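Each chain is listed here by its residues.
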Number of protein chains: 2
Amino acid sequence: MAAARVLLHDYWRSSASFRVRIALALKGIAYERAPVDLVAGVQHGAAHRALNPQGLVPVLEIDGLRLTQSLAILEYLEETRPEPPLLPRDAGARAHVRALALAIACEIHPVSNLAVLARVERLAGSEARAAWNRDNIAEGLAAFEQMLDHPGFAGRFCHGEQPGLADCVLIPQLYNAARWGVAFGHLPRISVVARACETVPAFAEAHPDKFDPSRETKGIQGEKP
Amino acid sequence: MAAARVLLHDYWRSSASFRVRIALALKGIAYERAPVDLVAGVQHGAAHRALNPQGLVPVLEIDGLRLTQSLAILEYLEETRPEPPLLPRDAGARAHVRALALAIACEIHPVSNLAVLARVERLAGSEARAAWNRDNIAEGLAAFEQMLDHPGFAGRFCHGEQPGLADCVLIPQLYNAARWGVAFGHLPRISVVARACETVPAFAEAHPDKFDPSRETKGIQGEKP
């Protein structure tokens, strides 16, 4: 594999971007960032649409490819840089880990994205928007907690003894939950996973706080000032 | 692989169920169905929640496992029954096909699911609900059309010369678009794929019309009357 430049187009607070940053850090892949300001609407401009017709982040440029959709990117990294693995070996266990990731990526996250919440606010006001978002996250995490009641849960990460694909998706969702005031301390398995991931440097290295453009972030790997 | 019973808990009109039925048919896997009436709310009952804590369909019982989340199920089928393949061999091409599938599964479908639409209707009425759904599908398909502008699109299926993972996800979304009066005839690549899939028996065998409980469906494989 040529050691060519790896470039991540992301937004510091975007959950999908955070997922990819965690995976890159877990696999020890050096990268540069090209921040896309979602609040300023840069993702809707022609320049970003040329990178990603969906007008979303992240976009990862790697190996001469331009990849979109965070879970497809994680699978690509797993296939091309298999160590350390993000998925277990057993097909049934892989299906369970993918289902955990998709339970967030396909059920919680899309219903709480910026565009959907803005539309709810236009229809019914800001209180309705906040309630929509809180209910969606709380219901989704409650279901996720039940999904962790599985033989693969060893009381540490979402599956087994090492962080993997599901943890890459859960931790950004928990960051998002905290931002919106949705508690998850009453969910014991999720709380265990959150604490386990706090001990893994890759999760801290990928954290949005490291990339907050309002902070001094000199010295962060690949960060553009 | 033991030829044990394969049981699909699904709902005839559910897009996610339709995806799995297509994949099972493409791979020639015989199965029985256990219909879950989403309109009657059966998915929220304790019996179904015991099968799937998310209260969703499909659930696939196979190889002694109980699998949820349609894309995780498709990946499992691909890993355990690789022929015919749903994904290309090349990692970059696989990432593109997965991104196409996720562009629908993570962006269009969740924002138009029954629970979300019911919530929109409670907030803002039935006209707002219909407009929400039409806009969401139309915008999502327009982005998908642009994503098909890719070297992997050979003017037949979403990628290459055989139906695969992205087609399993697109065709149910097009069925859904048609139900809600969202046209896609002006999107040339999507229209080409729709016509190509019409020529593949697996798509017809998996179609919701075959499983409409209001119709006489005797003789359909595994169908419970």
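In this text the structure is predicted, and so the values were computed from the model without any measurement. (Residues numbered from 1 in each chain as written. Chains lettered and ligands numbered in written order. Predicted model: local features only at pLDDT ≥ 70, side-chain atom pairs only at ≥ 80, totals over all residues. Heavy atoms only, no water.)

Colleague: With reference to specific residues and values, describe the nonpolar core.
Modeller: Among the nonpolar cores identified, the biggest contains 135 residues, and Leu77, Leu141 and Phe144 of chain A together with Leu77, Leu141 and Phe144 of chain B are the most heavily contacted of them. Setting aside residues no more than four positions away along its own chain, phenylalanine 144 of chain A makes contact with Leu100, Ala103, Ile104, Cys158, Leu170 and Ile190 of chain A. Within the second largest apolar cluster, 10 residues are counted, among which are Val116 and Trp132 of chain A together with Val111 and Val116 of chain B. (Core = buried A, V, L, I, M, F, W, Y, C linked by side-chain atoms within 4.5 Å. Buried < 20%, exposed > 50% of the residue type's maximum accessible area, 1.4 Å probe, protein only. Contact = heavy atoms within 4.5 Å.)

Colleague: Could you give an account of the pattern of salt bridges, with specific residues and numbers?
Modeller: Residue and element names in this part refer to chain B. Scanning all chains against the criterion turns up 28 salt bridges over all chains. With a shortest N-O distance of 2.9 Å, glutamate 78 and lysine 27 are connected by a salt bridge. Of the two residues, glutamate 78 is situated in helix α3 (residues 70-80) and lysine 27 in the loop between α1 (15-26) and β2 (32-35); the sequence distance between them amounts to 51 residues. Accessibility classification places glutamate 78 together with lysine 27 in one group, the buried group. Of the charged contacts, one joins arginine 98 and glutamate 75 as a salt bridge, the two residues approaching to 2.7 Å between their closest N and O atoms. Placement of the pair is arginine 98 in helix α4 (residues 91-108) and glutamate 75 in helix α3, with a sequence separation of 23 residues. (Salt bridge = Lys/Arg side-chain N within 4 Å of Asp/Glu carboxyl O. Helix = DSSP H or I, 4+ residues; strand = E, 2+ residues; numbered from the N terminus.)

Colleague: Explain the relation of the copies chain A and chain B to me, using residue names and the numbers behind them.
Modeller: Laying chain A over chain B is done by rotating through 180° and shifting 0.0 Å along the axis; what remains is an RMSD of 0.0 Å. Interpreted geometrically, this transformation is the action of a two-fold axis. Taking the C-alpha atom as reference, chain A places cysteine 106 of chain A closest to the rotation axis, 2.3 Å from it. Most of the interface of chain A is mirrored in chain B, where 100% of its interface residues again form contacts. (Least-squares fit on C-alpha atoms with pLDDT ≥ 70 in both.)

Colleague: Give a detailed account of the domain arrangement of chain A, specifying residues and quantitative values.
Modeller: Residue and element names in this part refer to chain A. Domains assigned within chain A are domain 1 (8-84) and domain 2 (91-204). Each of domain 1 and domain 2 has a C-alpha centre, and these two points are 19 Å apart. The interface is formed by 14 residues belonging to domain 1 together with 19 residues belonging to domain 2. For the pairing of domain 1 and domain 2, the buried interface totals around 1600 Å² over both sides, and the portion due to carbon and sulfur atoms is 69%. Remark: the boundary between domain 1 and domain 2 carries 1 salt bridge. Applying the counting criterion to the domain 1 and domain 2 interface returns 2 residue pairs in polar contact (both at pLDDT 80 or more). Of the residues forming the side of domain 1 that touches domain 2, the biggest block, 8 residues, is contributed by helix α1 (residues 15-26). Taken together, the residues of the side of domain 1 that touches domain 2 sort by class into 10 nonpolar, 1 polar and 3 charged. (Domains from an automatic or database assignment. Buried area = accessible area lost by both parts, 1.4 Å probe. Polar contact = N/O pair within 3.5 Å; in protein donor to acceptor, adjacent residues only side chain to side chain. Nonpolar A, V, L, I, M, F, W, Y, C, P; charged D, E, K, R; others polar.)

Colleague: Hey, could you go over the UniProt feature "domain: GST N-terminal" (unreviewed entry) in chain A for me, with residue numbers and the actual values?
Modeller: The UniProt feature table records "domain: GST N-terminal" (unreviewed entry) at residues 4-85 of chain A. Counted over residues 4-85 of chain A, helix gives 35% and strand 20%. Its end C-alpha atoms are 22 Å apart. (UniProt positions renumbered as here; feature names shortened; annotations may be inferred.)

Colleague: Let's hear about the sheet that holds β2 of chain B: which residues, and what values?
Modeller: Residue and element names in this part refer to chain B. If you walk across this open sheet you meet the 4 strands as β2-β1-β3-β4, and the pairing is mixed. Single-partner strands in this sheet number two, and they are β2 and β4 (65-68). Neighbouring strand axes in the sheet, compared pairwise and without regard to direction, differ in orientation by 20° on average. Sitting on the sheet, α1 touches β1 (7-10) and β3 (59-62), and the angle it makes with β1 is about 155°. (Pairing = 2+ DSSP bridges. Axes fitted to C-alpha atoms, helices over the stretch in contact; angles between N-to-C directions.)

Colleague: If you had to explain the sheet that holds strand β3 (residues 59-62) of chain A to someone new, which residues and values would you point to?
Modeller: Residues and elements named next belong to chain A. Taken together, 4 strands build an open sheet; the order of strands is β2-β1-β3-β4 and the sheet is mixed. With partners counted over all chains shown, the strands left at the sheet margins are β2 (32-35) and β4 (65-68), one partner each. The mean angle between the axes of side-by-side strands here comes to 20°, regardless of whether they run parallel or antiparallel. Looking at chain direction, β3 and β4 are connected through 4 bridges and run antiparallel. What sits directly across from glutamate 61, in β4, is arginine 66. Across the sheet, α1 touches β1 (7-10) and β3, and the angle it forms with β1 is around 155°.

Colleague: So what's going on with the interface of chain A and chain B? Which residues, and what values?
Modeller: Facing the 39 residues of chain A at the interface are 39 residues of chain B. Interface area, chain A with chain B, both sides summed: about 3300 Å², of which 69% is carbon and sulfur. Here chain A is connected to chain B by 8 salt bridges. With its nearest N and O atoms 2.8 Å apart, the salt bridge here joins aspartate 135 of chain A to arginine 119 of chain B. For the pair chain A and chain B, the interface holds 8 residue pairs in polar contact (both at pLDDT 80 or more). Those elements giving two or more residues to the side of chain A that touches chain B turn out to be β4, α3 (70-80), α4 (91-108), α5 (114-124) and α6 (126-147) of chain A.

Colleague: Please provide a residue-by-residue account of the packing of α4 of chain A against helix α7 (residues 165-179) of chain A, values included.
Modeller: Residues and elements named next belong to chain A. Following both chains from N to C, one finds α4 and α7 inclined at 30°, their axes separated by 7 Å at the closest point. With respect to α7, the element α4 is oriented roughly parallel. Seen from above, α4 lies across α7 with left-handed handedness. Packed against α4, whose contacting residues are Val97, Arg98, Leu100, Ala101, Ile104, Ala105 and Ile108, the element α7 presents Leu165, Ala166, Val169, Leu170 and Gln173 at the interface. Residues belonging to the contact of α4 with α7 are distributed by class as follows: 10 nonpolar, 1 polar and 1 charged. (Parallel < 35°, antiparallel > 145°, perpendicular 65-115°, else oblique. Left-handed = near helix turned anticlockwise from the far one by under 90°.)

Colleague: Give me the environment of leucine 38 of chain B: which residues, what numbers.
Modeller: Relative to the elements of secondary structure, leucine 38 of chain B occurs in the loop between β2 and α2 (46-51). C-alpha of leucine 38 of chain B to C-alpha of valine 200 of chain B: the two residues are 162 residues apart in sequence and 28 Å apart in space.

Colleague: An account of the packing of aromatic side chains is requested, with residue identities and associated values reported.
Modeller: All names here are of chain A. Tallied over the entire structure, the rule returns 5 aromatic pairs over all chains. Ring geometry for phenylalanine 18 against tyrosine 175: centres 6.0 Å apart, planes inclined by 90°, an arrangement best described as edge-to-face. Here the residue phenylalanine 18 occupies a position in helix α1, and tyrosine 175 occupies one in helix α7, the gap between them amounting to 157 residues. Accessibility classification places phenylalanine 18 together with tyrosine 175 in one group, the buried group. (Phe/Tyr/Trp six-rings, centres within 6.5 Å; stacked < 30°, edge-to-face > 60°.)

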